[in-house]
Amino acid sequence: MAIAPLSRPVVAARPLAMADRPRRAAPPSDGGRDGTGTAVLTRTRTRKPNLYRVLLLNDDYTPMEFVVHVLERFFQKDRAAATQIMMHVHQNGVGECGVFTYEVAETKVTLVMDLARKHMHPLQCVMEKK
């Protein structure tokens, strides 16, 4: 069995139509100028996040030592700083534990409240926008 070679159709030469002709380059989009102009650079500036104060509220039932423990554990205060903040809360009714971004402040408030509930203390911890 012999295979016949494929034959190509013969195409007659014809003149180029409009669609077949190469196109000329379009005029420059800058109005025909030579490309000298003012470049405008836009910079995106990131905003600093809003900060929130974490506050402890005084009550008559939570032991002072527990408040010092909370300040040491969740706010990384040393014994002297924690005692000073605890006394400020005791004398003034409210004291600032720290200033944080929203997510961090919310997490710290939740951790403090959970520990207080676990130990059956009515300690209140809140956050407010600075």
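As shown above, the structure is provided for reference.
Values in this document were obtained by computation on a predicted structure and should not be read as measured data. Within each chain, residue numbers correspond to sequence positions counted from 1 in written order. Selection of residues for local features in this predicted model requires a pLDDT of at least 70, selection of side-chain atom pairs for listing and counting requires 80 or more, and totals for whole chains, interfaces and linings are taken over all residues. Side-chain measures were taken over the full set of non-hydrogen atoms in the model, leaving aside hydrogen atoms and water.

## As for the environment of Pro 122
By secondary structure assignment, the location of Pro 122 is in the loop between α3 (102–118) and β3 (124–129). Expressed as a C-alpha distance, the spacing of Pro 122 and Asn 58, which sit 64 residues apart in the sequence, is 9.4 Å. Contact between two residues is taken to exist if any of their heavy atoms lie within 4.5 Å; hydrogens are not considered. In this structure Pro 122 touches Asp 59, Tyr 61, Thr 62 and Arg 117, once residues within four positions along its chain are discounted. Runs of E in the DSSP output that reach at least two residues are strands. Runs of H or I that reach at least four are helices, and both are numbered from the N terminus.

## Description of the packing of aromatic side chains
Working definition: a ring pair exists when centres of Phe, Tyr or Trp rings (six-membered ring for Trp) sit within 6.5 Å. Plane angles under 30 degrees give stacked, over 60 give edge-to-face, the rest tilted. The tally for this structure, following the rule as stated, stands at 2 aromatic pairs. Measuring from centroid to centroid gives 5.2 Å for Tyr 52 and Tyr 102, while their planes differ by 70°, and the two rings are edge-to-face. Residue Tyr 52 is found in strand β1 (residues 51–57), and its partner Tyr 102 is found in helix α3; the two are separated by 50 residues along the sequence. Buried, partly exposed and exposed residues are distinguished by accessible area as a fraction of the type maximum, computed with a 1.4 Å probe on protein chains only: under 20%, between the cut-offs, and over 50%, respectively. Taking the relative accessible area as the measure of exposure, Tyr 102 reaches 36% and is therefore partly exposed. Measuring from centroid to centroid gives 6.2 Å for Phe 75 and Phe 100, while their planes differ by 35°, and the two rings are tilted. Here Phe 75, found in helix α1 (residues 64–75), pairs with Phe 100, found in strand β2 (residues 94–101); they are 25 residues apart in sequence, far enough to count as distant. A ring has a charge above it when a Lys NZ or an Arg CZ is no more than 6 Å from the ring centre and no more than 35 degrees off the ring normal. Looking at Lys 108, its charged tip hangs above the ring of Phe 100, at a distance of 5.1 Å from the centre.

## Observations concerning the pattern of salt bridges
A pairing counts as a salt bridge when a side-chain nitrogen of Lys or Arg comes within 4 Å of a carboxyl oxygen of Asp or Glu. Here the structure, examined in full by the defined rule, presents 4 salt bridges. Measuring nitrogen to oxygen at the nearest pair gives 2.6 Å for the salt bridge that ties Glu 96 to Arg 53. Pair noted here: Glu 96 is in strand β2 and Arg 53 is in strand β1, with a separation of 43 residues, a long-range link.

## Side note on the packing of α1 against helix α2 (residues 79–92)
When two helices pack together, their arrangement is given by the angle between the helix axes and the distance between those axes. Taken N-terminus to C-terminus, the directions of α1 and α2 make an angle of 125°; their axes are 9 Å apart at the nearest point. Our classification of the angle between α1 and α2 gives oblique. Crossing of α1 over α2 shows right-handed handedness. Where α1 approaches α2, its residues Met 64, Glu 65, Val 67, Val 68, Leu 71 and Glu 72 are matched on the opposing element by Arg 79, Ala 82, Thr 83, Ile 85, Met 86 and His 90. Polarity classes work like this: nonpolar for Ala, Val, Leu, Ile, Met, Phe, Trp, Tyr, Cys and Pro, charged for Asp, Glu, Lys and Arg, and polar for all others, with Gly in that last group. Here the contact of α1 with α2 is composed, by residue class, of 7 nonpolar, 2 polar and 3 charged. The axes used here are C-alpha line fits, helices contributing only the stretch in contact, and every angle between their N-to-C directions lies in the interval 0 to 180 degrees. The labels follow the angle: roughly parallel below 35 degrees, roughly antiparallel above 145, roughly perpendicular from 65 to 115, and oblique for the rest. Working rule for handedness: look at the near helix, and if it is turned counterclockwise from the far one by less than a right angle, call the crossing left-handed; if clockwise, right-handed.

## Considerations on the environment of His 90
Following the sequence through the fold, His 90 ends up in helix α2. For His 90 and Asp 60, which are 30 residues apart along the polypeptide, the C-alpha to C-alpha distance reads 8.8 Å. Sequence-distant contacts of His 90, that is, excluding residues within four places in its chain, are made with Asn 58 and Met 64.

## Points about the sheet that holds β2
The strands making up a sheet associate through backbone hydrogen bonding, with each pair oriented either parallel or antiparallel. Here we have 3 strands laid out as an open sheet, ordered β2-β1-β3, and antiparallel in their pairing. Two strands lie at the open edges of the sheet, namely β2 and β3, each paired on one side alone. The sheet shows a mean angle of 25° between the axes of neighbouring strands, taken without regard to direction. Sheet topology note: the β1/β3 ladder contains 6 bridges and is antiparallel. Each bridged residue has a counterpart across the sheet, and for Leu 55 the counterpart in β3 is Val 126. Pairing between strands requires that DSSP locate at least two bridges from one strand to the other.

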